[in-house]
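# Structure at a glance
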Amino acid sequence: MALPPEKARVVIVGGGVIGCSVAYHLTKLGWTDIVLLERKQLTSGTTWHAAGLIAQLRATQNMTRLAKYSQELYGALEEETGVATGFRRNGSITVALSDERREEILRQASMARAFGVEVEEISPEELRSRYPHVSVEDVKAAVYLDKDGQGDPANIALAMARGARQRGAKILERVKVTGFDREGRRIKRVSWEAEGESGTIACDHVVNCSGMWGREVGRQMGVNVPLHACEHFYIVTETIPELQQLPVLRVPEECAYYKEDAGKILLGAFEPVAKPWGMKGISDDFEFDQLPEDFDHFEPILEMAVNRMPLLAEAGIHTFFNGPESFTPDDAYHLGLAPEMDNVWVAAGFNSIGIQSAGGAGMALASWMDTGEKPFDLGDVDIARMQPFQGNRHYLFERSKETLGLLYADHFPYRQKDTARGIRRSPLHEALKAEGAVFGEVSGWERANWFADPGQEPAYKYSWKRQNWFDNAAREHKAIRENVGIYDMSSFGKIRVEGPDAEAFLNYVSASNLSVPVGKIVYSQFLNASGGIEADVTITRLSETAYLVVTPAATRLADQARMRRYIGDFRVTLFDMTAAEAVICVMGPNARTLLEKVSPNDFSNATNPFGTCQEIEIGMGLARAHRVTYVGELGWELYVSADMAAHVFEVLRGAGREMDARLCGLHMMDSCRIEKGFRHFGHDISSEDHILEAGLGFAIKKTDVDFVGREAVSRKREEGLQRRLVQFLLSDPEPLLYHAEPIVRDGKIVSYLTSGSYGHHLGAAMGMGYVPCPGETAQEVLASSFEIEVAGRRVAATPSLKPFYDPKSERVKV
């Protein structure tokens, strides 16, 4: 057998469909010094038993872009490589059995149109004509995507492996990786053994494509790859006479999908409570293995399936299959540069959609490795979103019971995970809980999203219409706009940047001018080489040599990792201070009055103008009062050391009761910020959104100091904007907006909403989204007629490039 070379540019660990895809796409970019090592045989882990469903539509535009790319690639692979992939575009149908699911799939159909995916809404009768074996009596609606398809998973992987080999990659089977030699933040060598031989490969990059072994291999590499294997079940019938080619059929409310293949029906399940597997590790000799049957677990799905498709009762079962697949804590796969290391890449944890994702994921990762920058926004799947604690085995065991079933569960807006909760808590958690807080979870943090009234059950009741907390959030919103509210932002990331070169370092990393006095707060963005926004932060100068960078809770690790990679010769250190300080927000026109009741300090404009901070006494404790706002009102964020946070909250709460101050949740914050036109990172702004087109040019430094992305900013100023981020207010107060609803300009779909919420003060739902406008003035854009499509219905909308609420920020600076 061929043995690995002593040196390679990149070593890929794992020979499933994603490892083969990464190798294939790197060779397409001209990389030749590539080695892929597979412990057993290619595809022998999970790929070989995948169902092979290949859908185009995902929850975001870029995930859809990747899935569409996979489909287009697989259609051409057979001709390129000579390996039959079994790919065919036979279409897919998703059905709804309830009014809520009907709303969901119609919203998905609208989203598909915005993303350029062909979709057709079909009646139950049309469903029956396309799928004559299915019972349709209780079907409320259905959608058909004619370009969806299916393929042979193993052969798709083998085709990409052959394509990679043809361009010079070495793909070696039965070579087990045994360890990694680390030096600082880089892996220098990969150790291997094969049939009594052993050795090492010196390398520049390593890619973890180890599938359900990804967590363990990641630990050896020094990186966190949170995933857990679960048992995944399907049955294959005996041959059914005269069965014709059929679309893939999904019945999410019955947790089932159906696939016709070679005259048989494959019935698969995503049951609500899954069975984690491999808690004690995976056997070294695992290869093309199946897991023991568990008919009792599968039987409820089968019973519903027989009612849905009666011919299953007559067809014999040829195969009852149970095999492991890996699932992540949030049902999104892991892709990208690991935050703990500088040359370790990850592509793993594909949550049972690995075949439809692998082509696009391999393409995106290869491009990222080649250029050093993401080819487009990959925030949904960037491995840097995962927090260190999420690699905990007990956490993964508990969470994976839920995530498998969530693939087919109702994807309600604001839906919260139920498992593995309560891990990261603010110092105010119990006090807020006692007052009726209902918590959501972000990156493990429990965050008060809304407050239940006395006698109201403090729990979500999900819907696509107004949920049970809608009026609660409206009252909290009203308090912020008309009086004063108190809410907890302790989960937001806090990174202390300290050292003799802190100012110079941040001036290079940030697009804003950080040469400011001590106590000044600067709103800023970190850009990439294309002028896209990698982070949206506020930076406070604490001293001559120290700053505090505040980031969203979900991006703290990614933002800190990005800063660390720019340190070079700068004399700075970075510290995660998130858990060290609570953040209590006091916002509203009466915020100053409330603070004056509990603190002897001066909160006037003369002493503490907008965009500055000061050290204060509060109650019998100390805090740092930052005069900033994300809700568009007069207010302060109080940074309090964790040990004093409960005391400060009690003092504020006591004084606030005299003023009818209201405790508020973060749903309020989202509705207030959208009225004010504040951008939400990860939705309205991302790595592929140019800072000028996002309307944030005011935050760019006006000095000659160089910074990352400066050339791209200059180019855009010369070229002119190709699109603008526009705010919309619906004319009808009834419909609700969430995200991805199509933007219709003069009767034609031109884009989609990046975020949406309800503007309680303005009296209707609102959204934001980019409108293409090359060569147009702002006035020409605003002169158009706009509508937003909601579940197939078009609703008139007023556009604005300025905030609808307080466009001059007079309320903020009062």
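Above: the structure in question.
Here's what I pulled together on the structure shown here. Counting restarts for each chain, with residues numbered from 1 along the sequence as it is written. Selection of residues for local features in this predicted model requires a pLDDT of at least 70, selection of side-chain atom pairs for listing and counting requires 80 or more, and totals for whole chains, interfaces and linings are taken over all residues. Computation of side-chain values covers all heavy atoms of the structure but excludes hydrogens and water.

## Re the overall build of the protein
Definition in use: Counting from the N terminus, the helices are DSSP H or I runs at least four residues long and the strands are E runs at least two residues long. C-alpha atoms define the radius of gyration, and 2.2 Å times the number of residues to the power 0.38 defines the globule rule. Exposure categories follow from relative accessible area, calculated using a 1.4 Å probe and restricted to protein chains: below 20% of the type maximum is buried, above 50% is exposed, and the middle band is partly exposed. When checking whether two residues touch, look at their non-hydrogen atoms; a contact exists if any pair is within 4.5 Å. Residue-level accessible areas treat just the shown protein chains as cover; the underlying method is Shrake-Rupley with a 1.4 Å probe. Residues scored as positive are Lys and Arg, those scored as negative are Asp and Glu, and His as well as the terminal groups of each chain are ignored. To locate a charge, take NZ of a lysine, CZ of an arginine, CG of an aspartate or CD of a glutamate.
Along the backbone of the protein there are 19 helices and 39 strands. The globule rule puts the C-alpha radius of gyration for 814 residues at 28 Å, and the 27 Å found for the protein is close to it. Principal axes of the C-alpha set define a box for the protein whose edges measure 80 × 65 × 55 Å. Residues classed as buried in the protein amount to 62% of the 814 residues present. Taking the intrachain contacts of the protein between residues at least 6 apart in sequence as the baseline, contacts between residues at least 24 apart amount to 72%. Carbon and sulfur atoms provide 49% of the accessible area of the protein, an area that totals close to 30,400 Å². Between the mean site of the 90 positive side-chain charges and the mean site of the 112 negative ones, the protein shows a separation of 4 Å.

## Considerations on the pattern of salt bridges
How we decide: We define a salt bridge as a contact between a side-chain nitrogen of Lys or Arg and a carboxyl oxygen of Asp or Glu at a distance within 4 Å.
Summed over the entire model, instances satisfying the criterion amount to 56 salt bridges. Among the salt bridges present, the one from E446 reaches R421, with a minimum N-O distance of 2.7 Å. With E446 in strand β22 (residues 445-451) and R421 in the loop between α10 (393-406) and β20 (424-425), this pair connects stretches of sequence that are 25 residues apart. Residues joined by salt bridges that share partners form a network here, namely E103, R107, K465 and E741.

## Some thoughts on the sheet that holds β22
Note the following rule: Paired strands, in this sense, are two strands between which DSSP finds at least two bridges.
Here three strands make up an open sheet; going across it, the order is β20-β22-β21 and the pairing mixed. Both edges of this open sheet fall to β20 and β21 (437-442), since each of them pairs with a single strand only. Both β20 and β22 contribute to a ladder of two bridges, which runs parallel. What sits directly across from R424, in β22, is W445.

## Structural notes on the sheet that holds strand β24 (residues 493-498)
The condition is simple: To define axes, lines are fitted to C-alpha atoms, for helices over the stretch in contact only, and angles between the resulting N-to-C directions are given on a 0 to 180 degree scale.
Read across the open sheet, the five strands follow the order β25-β26-β27-β24-β28; overall the sheet is antiparallel. Each edge of the open sheet is held by one strand with a lone partner, namely β25 (521-527) and β28 (573-576). Each strand of the sheet is rotated relative to its neighbour by a mean of 30 degrees, with strand direction disregarded. In this sheet, strand β27 (residues 546-551) lies alongside strand β26 (residues 533-543) in antiparallel orientation, the contact comprising five bridges. Across the sheet, T540 pairs through a bridge with L548, a residue of β27.

## What to know about helix α2 (residues 61-81)
In an α-helix, one turn spans 3.6 residues; hence positions three or four apart end up facing the same way. Selection rule: Each residue after the first adds 1.5 Å to the expected span of a helix. The bend at a residue is defined as the angle formed between two axes, one fitted to the seven residues ending at that residue and one fitted to the seven starting there.
Over its 21 residues, α2 runs 30 Å from end to end, which matches the ideal 30 Å to within 8%, given 1.5 Å per residue. At G75, α2 is deflected by roughly 30 degrees, the largest bend along its length. Taken together, the buried positions of α2 are N62, M63, T64, L66, A67, S70, Q71, L73, Y74, L77 and T81. Residues of α2 that are buried sit in contact with α1 (17-28), β3 (53-54), α5 (153-166) and α9 (354-371). G82 sits one or two residues past α2 and shows a positive phi near 80 degrees.

## Examining the pairing of β25
Among the seven residues of β25, six are classified as buried, and the element is accordingly described as predominantly covered. Here seven bridges tie β25 to β26, and the two strands are oriented antiparallel to one another. In the sheet register, L527 faces β26, and the bridge partner there is I533. The turn joining β25 and β26, which pair antiparallel and follow one another in sequence, is formed by five residues; a positive phi near 85 degrees is taken by G531.

## Observations concerning the nonpolar core
The condition that has to hold: Buried Ala, Val, Leu, Ile, Met, Phe, Trp, Tyr and Cys residues that are joined via side-chain atoms within 4.5 Å together make up what is termed a nonpolar core.
Counting 51 residues, the largest nonpolar core has I12 and Y74 as its most contacted members. Elements supplying a minimum of two residues to this core: β1 (7-13), α1, β2 (34-38), α2, α5, β18 (334-337), β19 (344-348) and α9. For this core, the element with the highest residue contribution is α9, accounting for nine residues. For I12, the residues in contact, after removing those within four places along its chain, are G19, V22, A23, L26, I34, V35, L36, L37, V207 and C209. Core analysis: the next-biggest nonpolar cluster, separate from the first, contains 35 residues, A8, V13, W192 and V217 among them.

## A short note on the environment of R723
Rule in force here: N or O atoms closer than or at 3.5 Å make up a polar contact, with two conditions inside protein: a donor-capable atom paired with an acceptor-capable one, and, for residues adjacent in sequence, both atoms drawn from side chains.
As for its position among the elements, R723 is in strand β34 (residues 723-730). Judged by relative accessible area, R723 falls into the partly exposed class, the value being 21%. Between the alpha carbons of R723 and W31 there is a distance of 35 Å; along the sequence they are 692 residues apart. Within the structure, the side chain of R723 is placed 2.4 Å from the side chain of D689, a separation counted as a polar contact. Within the structure, the side chain of R723 is placed 3.5 Å from the side chain of E693, a separation counted as a polar contact.

## Examining unusual backbone geometry
For A262, which is not glycine, the phi dihedral falls at a positive 55 degrees. As for its position among the elements, A262 is in the loop between β14 (256-261) and β15 (264-269). Even without glycine at this site, D806 takes up a positive phi of about 45 degrees. Structurally, the position occupied by D806 is in the segment after β39 (793-800). Judged by its relative accessible area of 11%, D806 falls in the buried class.

## Notes on the packing of α2 against α5
For clarity, the cut-off: The scheme is simple: roughly parallel for angles under 35 degrees, roughly antiparallel for over 145, roughly perpendicular for 65 to 115, oblique for anything else. The hand of a helix crossing depends on one turn: near helix anticlockwise from the far one by less than a right angle means left-handed, and clockwise means right-handed. Asp, Glu, Lys and Arg are counted as charged, while Ala, Val, Leu, Ile, Met, Phe, Trp, Tyr, Cys and Pro are counted as nonpolar; the rest, among them Gly, fall into the polar class.
α5 packs onto α2 with a crossing angle of 55 degrees between their chain directions and a minimal axis gap of 10 Å. Relative to α5, the element α2 is oriented oblique. The way α2 lies across α5 gives a crossing that is left-handed. On α5, the residues touching L73, Y74, L77, E80 and T81 of α2 are I156, A159, M160, R162, G163 and Q166. Residue classes in the contact of α2 with α5 are distributed as six nonpolar, three polar and two charged.

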